[in-house]
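Spelled out from the first residue to the last, the chains are:
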Amino acid sequence: MSQPSTSPPSTGSGRAAGVALAIVAGLAAALQSRVNGSLATAMDSPFVAAFFSFSSGLVLLLVALAFSPTGRAAVRRVGTGLRTGGLRPWECLGGLGGAFFVMSQGLTVDVLGVAVFTVALVAGQSVSSLVIDRVGIAPGGVRLVTLGRVLGPALTVVAVVVVSGAGASTAALALALFPLVAGVLQSFQQALNGRVRSAVRVTTPAGARARLGGDGGVIAATVVSFVVGTAALLVVMGVALAVGGAPAGGLPPDLLLYSGGLLGVTFIALQAAVVQRIGVLLLGLGMIAGQVVGALVLDVLSPTIAPPGAATYVGAALTLVAVAVPLLEGALRRR
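Computed from a predicted structure; not experimentally measured.

**Comments concerning the side chain of Ser45**
Inference 1: Examined against the element boundaries, Ser45 turns out to sit in the loop between helix 1 (12-43) and helix 2 (46-66).
Inference 2: Note on Ser45: relative accessible area 10%, which makes it buried.
Inference 3: Separated by 3.2 Å, the side chain of Ser45 and the backbone nitrogen of Val48 make a polar contact.

Right, dumping it as structure tokens:
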């Protein structure tokens, strides 16, 4: 399943820039968790809220696609790749992970809180990203498991446990299975979206591979992810409406509650843009750092939540150290 990397080796500065973008993606994901959790509560339906969030992101992408010739060309090449076998159908299913992630936000965030939600998400994401990198599912090829790449996820798990504390009930923790599975699926989403982006390339007569230009590959991978995720959530919402009827909460008037789609477009596009350069593990660690720091900032700014305690700050600092460990190991190995 592994493929040789077709990208030039990442420099230290390029890897650091990629991790920085992954942290930004994590910040967007943390904010989306808060927004989608609030939307699900306001609508009294996590399934309808998830569909609204995801489908609004698809609408924004289609509008952007109208102004991007390279993006439209890349999307056409996705269809060509599927017909010719250059892109396999299973490689386009990353959006299922995004759909489950958004749905789990609405189902659990208001019960678990962002911190406990992140604990379960990280537990799934950290371990699965190590496996994905080792097997070579991501487009950058096989990445060996080293001490630093194991220590990073371990420190991250410790960090989110410190942040979460011990206040969650047993019943609430049972809900943590949803973000746990979401974390595993997110790692696969990152890898598969990277494969779609990698497939949307032009092959020159000499056999070298060159990018289509601009952000066409990133746009194509993000569009595919959102189309698949929206279709899956449409089915889930249809079943929920057939069984339980229309949501009691209706459509809330606060427009900020509908920003989850824009935030989702932001972090999925960033994932697709950097996964080939830094791998699924570093991408996951960077996003985890952004999520923990983002949750900390949201708690500080929110007037309805008690100010973060010392454990929260210690956990955030540990998370940043966890992201730095694999980067430092890579820098020392290159010397």
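From this point, the discussion proceeds with the structure in view.
**Digging into the environment of Gly26**
Inference 1: Residue placement: Gly26 occurs in helix 1.
Inference 2: When its relative accessible area of 0% is taken as the criterion, Gly26 is described as buried.
Inference 3: Spatially, the C-alpha atoms of Gly26 and Met287 are 3.8 Å apart, while their sequence positions differ by 261 residues.
Inference 4: With residues up to four places along the chain from it excluded, the contact list for Gly26 reads Met287, Gly290 and Gln291.

**Some points on the pattern of salt bridges**
Inference 1: Counted under the stated rule, the structure contains two salt bridges.
Inference 2: The residue Glu91 makes a salt bridge to Arg88 at a minimum N-O spacing of 3.4 Å.
Inference 3: With a closest N to O distance of 2.6 Å, Glu91 and Arg195 form a salt bridge. Within this pair, whereas Glu91 is found in the loop between helix 3 (69-84) and helix 4 (95-135), its partner Arg195 is found in helix 7 (residues 177-199), the two being separated by 104 residues in sequence. The exposure classification of Glu91 matches that of Arg195, with both residues buried.
Inference 4: Through salt bridges with shared partners, a single ionic network connects Arg88, Glu91 and Arg195.

**What to know about a nonpolar patch on the surface**
Inference 1: Judged by side-chain polarity, Val297, Val300, Leu301 and Tyr313 come together as a nonpolar surface patch covering roughly 390 Å² of accessible area.
Inference 2: With three residues, helix 9 (residues 260-301) is the single largest residue contributor to the nonpolar patch.
Inference 3: Here Val300 shows up in helix 9.
Inference 4: Overall, Val300 belongs to the partly exposed group, its relative accessible area being 45%.

How each quantity is defined
- Residues numbered from 1 in each chain as written.
- Predicted model: local features only at pLDDT ≥ 70, side-chain atom pairs only at ≥ 80, totals over all residues.
- Heavy atoms only, no water.
- Helix = DSSP H or I, 4+ residues; strand = E, 2+ residues; numbered from the N terminus.
- Buried < 20%, exposed > 50% of the residue type's maximum accessible area, 1.4 Å probe, protein only.
- Polar contact = N/O pair within 3.5 Å; in protein donor to acceptor, adjacent residues only side chain to side chain.
- Contact = heavy atoms within 4.5 Å.
- Salt bridge = Lys/Arg side-chain N within 4 Å of Asp/Glu carboxyl O.
- Patch = residues over 30% accessible without salt bridge, like charges linked within 9 Å, V, L, I, M, F, W, Y side chains within 5 Å.
- Areas by Shrake-Rupley, 256 points an atom, 1.4 Å probe, with all protein chains shown as cover.

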